Amino acid sequence: MNTPGSAVPPAARDKLLFTPGPLTTSSGVKEAMLHDAGSWHWEFNTKVKHIRERLLALAGVRQDQGWECVLLQGSGTFGVESVFQTCVPPDGKVAVLSNGAYGERMVLMLQHARIPHVILRTQEDTPNDAQALDDALTQDPSITHVAVVHCETTTGILNDIAAVGAVARRHGKTYVVDAMSSFGAVPIDFEAVGLDFLISSANKCVEGVPGFSFVLCRRARLLASEGWARNLSMNLLDQLKGFEKNGQFRYTPPTHAILAFERALDELDLEGGVAGRAARYRRNHEVLLAGMRRLGFQSYLPAGVQSYIITSFLFPKDPRFTFAEFYKRVAEKGYILYPGKISQADTFRIGNIGRLFESDLRSVVYAIGEAIEEMGIQP
Ligand SMILES: *Cc1c(COP(=O)(O)O)cnc(C)c1O
């Protein structure tokens, strides 16, 4: 809706979402949903098959080299949980490297599944510690899996999944990466990183709408999990078999989200794939950071670990600042910000992902400037 020449007049524009998802989507993606698809019909099942193939291509891996893509209903969390529920053996144990809310969510999943685990935490502004993992794996040979979050959307920190993957591989462990907010916009070399399972979802950097997650994995690792699933509807292996048997989701598929996703993949190709999208998001991030600094705001993370996906900003020190009031004023101007999620500092977040362009970032910075002026605040 934010592109010139859009069919929808400016007055009817939705507010722009500067969030970690769901995100602002293109009019093309929204229009793709103006259809009803029969979930049993070959036309729809062919689309699902192509989407699975296109995701593998986007990841730079191939089916004939042992890679698979499984789609699963639900948001991204469901995808991550399905990997633990399906692919950790009954005597398995998971090492989770955590520096934010999504790492902690993995811990909750393991607690609920009663899967033994160890947690290797670093501060929220500090990347995962590959050396600590090396020590843990040396001391505890019963650990079977290593799980990390690539871009911790809690802060926007980008973890070094290659460094952690090298340790996991050296110890012969299965490596699980939550790349929810990075896949499609941050280049990932699957083989070099030593990935076994990568999870992302429809409504993040691919810029589709919410409705399903997807798991890219080594086929042999998934096939090896026969009989381990702790849960019926999230059984990834059975869903793979379902796709191979009749091309169908086992239960009602998110038909409209699939149609939207097909269009979103077309638009990602048109933009130049991962490299093109990365360039736009990087530019968005630069424009945002420069603009916010000019207003006097400080970002939370050190520059070296900051991703171009989402940025945390510290609250102004002025005691008259309240996030609720600030949020409301910026929202009234047409821009949706996101609260912070950090335990160690008062922050709010601004995302650069979704159908947002440099001009949109300039606009949100302008609106923020107006809002703080109205509130009489000096950041
Ligand atoms: C968005 C996100 C998730 C999944 O969140 P849902 O609300 O279930 O879609 C998981 N991990 C990370 C890093 C995310 O950014």
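Residues numbered from 1 in each chain as written. Predicted model: local features only at pLDDT ≥ 70, side-chain atom pairs only at ≥ 80, totals over all residues. Heavy atoms only, no water.

**Topic: the environment of Asn352**
Working step 1: Mapped onto the elements of the fold, Asn352 is located in the loop between strand S14 (347-351) and helix H13 (358-375).
Working step 2: For Asn352, a relative accessible area of 0% translates into the label buried.
Working step 3: On a C-alpha basis, the gap between Asn352 and Thr311 in space is 8.1 Å, while along the polypeptide they are 41 residues apart.
Working step 4: Excluding residues within four positions of it along the chain, Asn352 makes contact with Tyr281, Asn284, His285, Leu288, Tyr308, Ile309, Ile310, Thr311 and Leu361.
Working step 5: Within the structure, the side chain of Asn352 is placed 2.9 Å from the backbone oxygen of Tyr308, a separation counted as a polar contact. (Helix = DSSP H or I, 4+ residues; strand = E, 2+ residues; numbered from the N terminus. Buried < 20%, exposed > 50% of the residue type's maximum accessible area, 1.4 Å probe, protein only. Contact = heavy atoms within 4.5 Å. Polar contact = N/O pair within 3.5 Å; in protein donor to acceptor, adjacent residues only side chain to side chain.)

**Looking at the packing of helix H11 (residues 273-295) against H13**
Working step 1: Between H11 and H13, the least distance of the axes is 9 Å, while the angle of their chain directions is 20°. Accordingly, the angle class assigned to the pair H11 and H13 is roughly parallel. Crossing geometry of H11 relative to H13 is assigned as right-handed. When H11 is examined against H13, the residues Arg283, Asn284, Val287, Leu288, Gly291, Met292 and Leu295 are found in contact with a partner set consisting of Glu358, Leu361, Arg362, Val365, Ile368, Gly369 and Ile372.
Working step 2: Class assignment of the residues belonging to the contact of H11 with H13 gives a composition of 8 nonpolar, 3 polar and 3 charged. (Axes fitted to C-alpha atoms, helices over the stretch in contact; angles between N-to-C directions. Parallel < 35°, antiparallel > 145°, perpendicular 65-115°, else oblique. Left-handed = near helix turned anticlockwise from the far one by under 90°. Nonpolar A, V, L, I, M, F, W, Y, C, P; charged D, E, K, R; others polar.)

**Considerations on H13**
Working step 1: For H13, which comprises 18 residues, the first-to-last C-alpha distance of 26 Å matches the rise-based estimate of 26 Å (1.5 Å per residue) to within 8%.
Working step 2: Where H13 is buried, its residues meet strand S1 (16-17), H11, helix H12 (323-332), strand S12 (335-336) and S14.
Working step 3: The positive-phi residue at the C-terminal boundary of H13 is Gly376, with phi of around 70°. (Expected span 1.5 Å × (residues − 1).)

**What about the environment of Ala130?**
Working step 1: Residue position: Ala130 is located in helix H5 (residues 130-139).
Working step 2: Owing to a relative accessible area of 18%, Ala130 belongs among the buried residues under this scheme.
Working step 3: Placed 31 residues apart in sequence, Ala130 and Ile161 show a C-alpha to C-alpha distance of 9.2 Å.
Working step 4: Apart from residues no more than four positions distant in its own chain, Ala130 is found in contact with Ala163, Val164 and Val167.

**Quick word on unusual backbone geometry**
Working step 1: That bond from Gly21 to Pro22 is cis: its omega, -5°, falls within 30 degrees of zero.
Working step 2: Its location among the elements puts Pro22 in the loop between S1 and helix H1 (27-31).
Working step 3: The backbone of Arg114 shows a phi angle near 55°, a positive value even though the residue is not glycine.
Working step 4: The phi angle at Glu207 is positive, at roughly 70°, despite the residue not being glycine.
Working step 5: When you line up the elements, Glu207 lands in the loop between strand S9 (197-201) and strand S10 (212-218).

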